[in-house]
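# Coordinate analysis (summary)
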Amino acid sequence: MRIDILTVVPELLESPFNHSIIKRAKEKKLAEIHIHNIRDFSEDKHKKVDDYAFSGGAGMVMTIQPVESAILHLTQQRKYDHIIYTSPDGKRLNQQMANGLSIAKNIIILCGHYKGIDQRIREHLITQEISIGDYVLTGGELAAAVICDAIVRLIPGVLSDETSALTDSFQDDLLAPPVYTRPSEYKGWKVPDILLSGNSKKIEEWQMEQALERTKKLRPDLLNDDF
Ligand code: ADE
């Protein structure tokens with residue numbers, strides 16, 4: 001998978017992709033992540049990328065030209081499955097969406113900008129808008145990092161245990177069951193006996209019960225949600 005991220009603050013995205021699982025995905029050549037500074041595509045002599053809103057009011061709006069040039073620069077080289085814009089008014093990211101995006105070959109993510117971007121970019125260039133939750137971030141960079149993390153870990157071969165993404169919370173609309181490690185007892189805090197029984201069938205049943213219990217208690221909405 002190739003992901004191209006367009007941003008006016010590339011510095012914000014330097015670290016998230018250079019550690020842990022995403023780093024491993026890049027090393028194994030399963031994912032490529034390219035960060036582009038939208039400013040580099042500006043034809044303005046001062047490399048401006050935003051301007052005052054016609055409606056007046058506070059806050060600058062990202063202009064069309066640098067964004068369109070950046071997107072054209074990429075789409076002329078390869079076909080993209082999705083051109084995503086990160087925005088609080090987009091569709092809220094969930095596991096099903098991440099699963100769908102993880103089978104794409106090429107994705108562009110345009111990071112949103114303080115007061116927004118010219119509406120015509122959204123209408124003519126963007127194929128989908130994604131929000132990571134009902135709150136407003138300063139820009140879309142952190143949202144882009146979240147989206148990349150959620151999808152890259154699902155690419156086959158990225159996680160060392162092939163099944164572990166399938167047993168994540170939300171994969172079957174249930175939260176994951178609790179997990180424990182050694183020691184089996186710490187200051188009187190005990191691991192449930194069943195996990196020490198060695199009976200894998202019983203353990204699986206227990207895990208399913210726990211997943212259901214936790215979901216009912218902590219996220220009952222998941223049991224009624226159609227997504
Ligand atoms: N940009 C600002 N807030 C955002 C959010 N909640 N999700 C995605 N992009 C955003």
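These remarks concern the structure in this document. (Residues numbered from 1 in each chain as written. Predicted model: local features only at pLDDT ≥ 70, side-chain atom pairs only at ≥ 80, totals over all residues. Heavy atoms only, no water.)

### Notes on the site of the ligand
Close to the ligand lie Thr-86, Ser-87, Pro-88, Ile-130, Ser-131, Ile-132, Gly-133, Tyr-135, Val-136, Leu-137, Gly-139 and Ala-143, which account for all nearby residues. Between a nitrogen atom of the ligand and a main-chain N or O atom of Gly-133, the distance comes to 3.0 Å. A distance of 2.7 Å separates a nitrogen atom of the ligand from a polar atom in the backbone of Tyr-135. Computed on the free molecule, the ligand has an accessible area of 260 Å², of which 97% lies beneath the protein chains in the complex. Elements with a minimum of two residues in the shell around the ligand: β5 (82-92) and β7 (128-131). The biggest single contributor to the shell around the ligand is β5, with three residues. (Near = heavy atom within 4 Å. Polar contact = N/O pair within 3.5 Å; in protein donor to acceptor, adjacent residues only side chain to side chain. Areas by Shrake-Rupley, 256 points an atom, 1.4 Å probe, with all protein chains shown as cover. Helix = DSSP H or I, 4+ residues; strand = E, 2+ residues; numbered from the N terminus.)

### Here we look at the pattern of salt bridges
A side chain with one charge can pair with a side chain of the opposite charge if their charged atoms come near. Across all of its chains, the model carries eleven salt bridges by this definition. Residue Asp-51 is joined to Lys-48 by a salt bridge in which the shortest nitrogen-to-oxygen separation is 3.9 Å. Accessibility expressed as a relative area gives 34% for Asp-51, which makes it partly exposed. Here Glu-205 ties to Lys-201 by a salt bridge, and the two come within 3.2 Å at their closest N and O atoms. Here Glu-205 pairs with Lys-201, and both are found in helix α6 (residues 200-218), just four residues apart, close to one helical turn. The partly exposed category is assigned to Glu-205, whose relative accessible area is 38%. Through salt bridges with shared partners, a single ionic network connects Arg-2, Asp-4 and Glu-32. (Salt bridge = Lys/Arg side-chain N within 4 Å of Asp/Glu carboxyl O. Buried < 20%, exposed > 50% of the residue type's maximum accessible area, 1.4 Å probe, protein only.)

### Side note on the layout of surface pockets
Here the idea is plain: a probe the size of a water molecule rolls over the atoms and shows the empty space left. Approximately 310 Å³ is the volume attributed to the second largest pocket. Around the second largest pocket, the lining comprises 13 residues; the ones closest to its centre are Thr-167, Ala-176, Pro-177, Gln-207 and Ala-211. Broken down by class, the residue content of the lining of the second largest pocket amounts to eight nonpolar, two polar and three charged. (1 Å grid on protein atoms, 1.4 Å probe; cavity = no way out; pocket = protein on both sides within 12 Å on 5 of 7 lines; lining within 4 Å. Points joined across faces, edges and corners; volume = space filled by probe spheres on them. Nonpolar A, V, L, I, M, F, W, Y, C, P; charged D, E, K, R; others polar.)

### Regarding the packing of aromatic side chains
Counting across every chain of the model gives one aromatic pair. Judged by centre distance (5.7 Å) and plane angle (55 degrees), the rings of Tyr-186 and Trp-189 are tilted. Classification of Tyr-186 as partly exposed rests on a relative accessible area of 43%. Residue Trp-189 is classed as exposed on the basis of its relative accessible area of 62%. (Phe/Tyr/Trp six-rings, centres within 6.5 Å; stacked < 30°, edge-to-face > 60°.)

### Considering the nonpolar core
General note: in soluble globular proteins, nonpolar side chains tend to be found buried as a group. With 31 residues, the main nonpolar core has Ile-3, Ile-5, Phe-17, Ile-107, Ile-109 and Ile-151 as its most contacted residues. Taken together, the elements giving at least two residues each to this core come down to β1 (2-7), α1 (20-27), α3 (95-101), β6 (106-110) and α5 (141-152). Ranked by residue count, the leading element in this core is α5, at seven residues. In this structure, Ile-151 is in contact with Met-1, Ile-3, Ala-98, Leu-101, Ser-102 and Ile-107, ignoring residues within four places of it in sequence. (Core = buried A, V, L, I, M, F, W, Y, C linked by side-chain atoms within 4.5 Å. Contact = heavy atoms within 4.5 Å.)

### Re the pairing of strand β2 (residues 32-37)
Direction of pairing for β1 relative to β2: parallel, over a ladder of six bridges. Among the inter-strand pairings, Thr-7 is bridged to a residue of β2, identified as Asn-37. Each parallel crossover has a hand, and for β1 linked through α1 to β2 it is right-handed. (Pairing = 2+ DSSP bridges. Right-handed = clockwise from strand over helix to strand, strands pointing away.)

### Some thoughts on the sheet that holds β6
Across the sheet, which stays open at both edges, the five strands sit in the order β2-β1-β6-β5-β7 with parallel pairing between neighbours. In the strand order of this sheet, the two ends are held by β2 and β7, each with one partner. Direction aside, neighbouring strands of the sheet carry axes that sit 30 degrees apart on average. As paired elements, β1 and β6 share five bridges and run parallel to each other. (Axes fitted to C-alpha atoms, helices over the stretch in contact; angles between N-to-C directions.)

### Notes on unusual backbone geometry
Looking along the chain, the bond that leaves Arg-182 and enters Pro-183 is cis, with omega of 5 degrees. Of note, Pro-183 is situated in the loop between α5 and β8 (185-186). If you check the backbone angles, Lys-47 has positive phi at about 60 degrees while not being a glycine. Looking at the secondary structure, you find Lys-47 in the loop between β2 and β3 (50-52). The residue Asp-173 is not glycine, and still its phi comes out positive at about 65 degrees. With respect to the helices and strands, the residue Asp-173 is situated in the loop between α5 and β8. When its relative accessible area of 22% is taken as the criterion, Asp-173 is described as partly exposed.

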